[in-house]
Amino acid sequence: MAVKSVQAVINGTTVTLTYNSSNGKYEATVTAPAKSSYNVNSGHYYPVTVKATDEAGNTTTKTDSDATLGASLKLKVKEKVAPTISISGPTTGSYLTTDADSGVNPSMIGITIDSGSKITGDGIKRETVSGGYRCTYTPTTALSDGPHTIKIDASDYDGNAAVQKSVKFTIDTVPPTLSITSPSDKLVTNKTEITVTGKTNDVTSSPVTLTIKLNGGNAETVEVGTDGSFSKSLTLSAGVNTITTVARDAAGKTTTVVRTITVDQTAPVIKSVTIA
């Protein structure tokens, strides 16, 4: 039975392969995922699934766990851009205080995180600089997601207390939630007009910015309601369409949902009728 279609699924995106009569292979040019595959799994690769369907509707599927072809279905993507280092907050390199007379008393330098106890002593790394100290401290336990306040105190040897300084910042390690109510994935329809609906939210870093991209077009910003709901009308093309929805919170973390919709406007053909 002749092969009807061959598809590859990479990182949630389905691609249809085209038969190349010159070499007898099914091929497609695919843009690799934007992110490195290093953190995808312990093997540091994107799993690739290949599906072949014949005219009768029989389907064969091969994945990266296949004993024979599994090694060929592991896509490794390496990052090209070297990392950059920047400190955005709390402010680094600041001086707690200066004192030209009795001098800063290092034992009186204190750091308070939120409503916790004041941290003093050897837990704070102190470096002597002109007129005072440069101090650094690493919490023994990772701070939880949400808003935090750090307060700094210092006094000189004469007991004169500096005006307390504080800085506020927010930790957000969780990407926003994103659910697509409609359309369902792998929907087959004869209509080109479709509406993407869903909800998104981020408890720590609201508001969430949402974009929707249809096939190879530009990602368009979509308004998100106060309850997190959103809606976007799209005009699909005949054939396979890919809708990519991305939610980004204020901390820059993203969640992506991809929907594949097929538009089929060709009616079935009745070739023969027999009445007995």
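A. Summary view of the sheet that holds strand 15 (residues 209-214). Spatial ordering of the open sheet is given by 13-19-18-15-16, a layout of 5 strands whose pairing is mixed. With partners counted over all chains shown, the strands left at the sheet margins are strand 13 (187-189) and strand 16 (220-222), one partner each. Ignoring strand direction, the axes of neighbouring strands in this sheet form an average angle of 30°. The pairing of strand 15 with strand 18 (residues 239-248) spans 6 bridges and is antiparallel. In the sheet register, isoleucine 212 faces strand 18, and the bridge partner there is threonine 245.

B. Structural detail: the nonpolar core. Leu178, Val196, Leu210, Ile212, Phe230 and Ile243 are the most contacted members of the largest nonpolar core, which totals 16 residues. Those elements that place two or more of their residues in this core are strand 12 (177-182), strand 14 (193-201), strand 15, strand 17 (229-235), strand 18 and strand 19 (254-263). The greatest single-element share of this core, amounting to 3 residues, is contributed by strand 19. Excluding anything up to four places from it in sequence, isoleucine 212 contacts Val196, Asn218, Ala219, Glu220, Val222, Phe230, Lys232, Leu234, Ile243, Thr244 and Thr245. Of all hydrophobic cores here, the second largest spans 11 residues; its members include Ile111, Tyr133, Ile150 and Ala154.

C. View of the environment of isoleucine 119. Turning to its location among the elements, isoleucine 119 is positioned in the loop between strand 7 (110-113) and strand 8 (125-129). Using a relative accessible area of 18% as the deciding quantity, one classes isoleucine 119 as buried. With 20 residues separating them along the chain, isoleucine 119 and proline 139 place their C-alpha atoms 9.8 Å apart. Discounting chain neighbours no more than four positions away, the residues touching isoleucine 119 are Ile109, Gly110, Ile111, Ile113, Ile124 and Tyr137.

D. Summary view of a nonpolar patch on the surface. Residues Ile270, Val273 and Ile275 make up a contiguous nonpolar surface patch of about 410 Å² in total accessible area. Relative to the assigned elements, isoleucine 275 resides in the segment after strand 19. Isoleucine 275 gets classed as exposed once you look at its relative accessible area, which sits at 79%.

E. Structural view of the sheet that holds strand 14. Across the sheet, 3 strands lie side by side as 12-14-17; this open sheet has antiparallel pairing. Pairing within the sheet leaves two strands with one partner each, and these edge strands are strand 12 and strand 17. This sheet shows a mean twist of 25° between the axes of neighbouring strands, independent of strand direction. Bridge analysis of strand 12 against strand 14 gives 5 bridges, and the strand direction is antiparallel. Residue pairing in the sheet places leucine 178 in a bridge with threonine 200 of strand 14.

F. View of the pairing of strand 2 (residues 13-20). Relative to strand 2, strand 1 (residues 3-10) runs antiparallel, the two being bridged by 5 bridges. Residue pairing for strand 2: valine 9 is matched across the bridge by threonine 14. Here strand 1 folds back onto strand 2, and the loop between the two strands holds 2 residues, one of which, asparagine 11, carries a positive phi near 55°.

Criteria and cut-off values
Residues numbered from 1 in each chain as written. Predicted model: local features only at pLDDT ≥ 70, side-chain atom pairs only at ≥ 80, totals over all residues. Heavy atoms only, no water. Pairing = 2+ DSSP bridges. Helix = DSSP H or I, 4+ residues; strand = E, 2+ residues; numbered from the N terminus. Axes fitted to C-alpha atoms, helices over the stretch in contact; angles between N-to-C directions. Core = buried A, V, L, I, M, F, W, Y, C linked by side-chain atoms within 4.5 Å. Buried < 20%, exposed > 50% of the residue type's maximum accessible area, 1.4 Å probe, protein only. Contact = heavy atoms within 4.5 Å. Patch = residues over 30% accessible without salt bridge, like charges linked within 9 Å, V, L, I, M, F, W, Y side chains within 5 Å. Areas by Shrake-Rupley, 256 points an atom, 1.4 Å probe, with all protein chains shown as cover. Salt bridge = Lys/Arg side-chain N within 4 Å of Asp/Glu carboxyl O.

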